[in-house]
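# Geometric and topological summary
Spelled out from the first residue to the last, the chains are:
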Amino acid sequence: MKEKEQAFLRRMDEHKGILFKVSKMYMDDPEDQQDLFQEIILQLWKAYDSFKGESQFSTWMYRVAINTAIVYFKKEKRKPVQQVFITENIPEPPSNTDEQESQINHFYRAVQQLDKIDKAIIFYQLEGYSHREIGANLGISEVHARVKLNRAKEKLKQIIKKQGYGF
């Protein structure tokens, strides 16, 4: 295997959690999650040469993953590119207890009801990004990112209340 491919797979393995989170956040059905996961890997591979190291790899990966998720199902009846990626080196995420899994699934179902920008903002917040970093990644001001984050959290809280979980 070429050095470039090995470096790419190594980085995918290091940051695989990003791909699982984005896929689960944007898609409800497990098959759709897997399709999005593969599409993100494809887009990351296509854009890999554009990564210049001016930011952390994970930051660049977040941008590509979220942008891919946002536009993934925009076109009706979109046909995915028929290209197979070997993902045997990318293990599944660690398993949780049944209660934890239930809480996580409930949270993701609630997040899926948010609009695409709110999903991205919640994702960045969960990953520990500052308001400034969220704004920079989404092309908005730090203050606007803070306001949108607070509104997204409130929407998420209301969705969770309506679903009868917690609160």
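This section reports on the structure supplied with the text. Every residue gets a number counted from 1 within its own chain, in the order that chain's sequence is written. Per-residue local features of the predicted model are confined to residues with pLDDT of at least 70, and side-chain atom pairs are confined, for both listing and counting, to 80 or more; whole-chain, interface and lining totals are unaffected and use all residues. The basis for every side-chain value is the complete set of non-hydrogen atoms in the structure, without hydrogens or water.

## A look at the nonpolar core
Burial of nonpolar side chains together is a common tendency in soluble globular proteins. Heads up, the rule is: Residues belong to one nonpolar core when they are buried, are Ala, Val, Leu, Ile, Met, Phe, Trp, Tyr or Cys, and are joined through side-chain atoms within 4.5 Å. The buried label goes to any residue with under 20% of its type's maximum accessible area, the exposed label to any with over 50%, and the partly exposed label to all in between, with areas taken from a 1.4 Å probe on protein chains only. Put simply, DSSP marks the helices as runs of H or I at least four residues long and the strands as runs of E at least two long, and each gets a number from the N terminus on.
Ranked by internal contacts, the top residues of the largest apolar core, which has 43 residues, are Val 22, Tyr 26 and Leu 44. Listing elements by their share of this core, those giving two or more residues are helix 1 (3-14), helix 2 (16-26), helix 3 (30-47), helix 4 (57-72), helix 5 (98-111), helix 6 (116-126) and helix 8 (142-162). Considering every element that reaches this core, the biggest residue donor is helix 4, with 10 residues.

## Description of the pattern of salt bridges
Stated formally: Salt bridges are defined by distance alone: a side-chain nitrogen of Lys or Arg within 4 Å of a carboxyl oxygen of Asp or Glu.
Applying the stated criterion to the full structure yields 7 salt bridges. Lys 4 is the partner of Asp 49 in a salt bridge, and the nearest nitrogen-oxygen pair spans 2.9 Å. Of this pair, Asp 49 sits in the loop between helix 3 and helix 4 while Lys 4 is found in helix 1, placing the two residues 45 residues apart along the sequence. The shortest N-O distance in the salt bridge between Glu 142 and Arg 146 comes to 3.6 Å. Taken together, the residues span about one helical turn, with Glu 142 and Arg 146 both in helix 8 at a distance of 4 residues. By sharing partners, the salt bridges in this structure join Asp 115, Asp 118 and Lys 155 into a single network.

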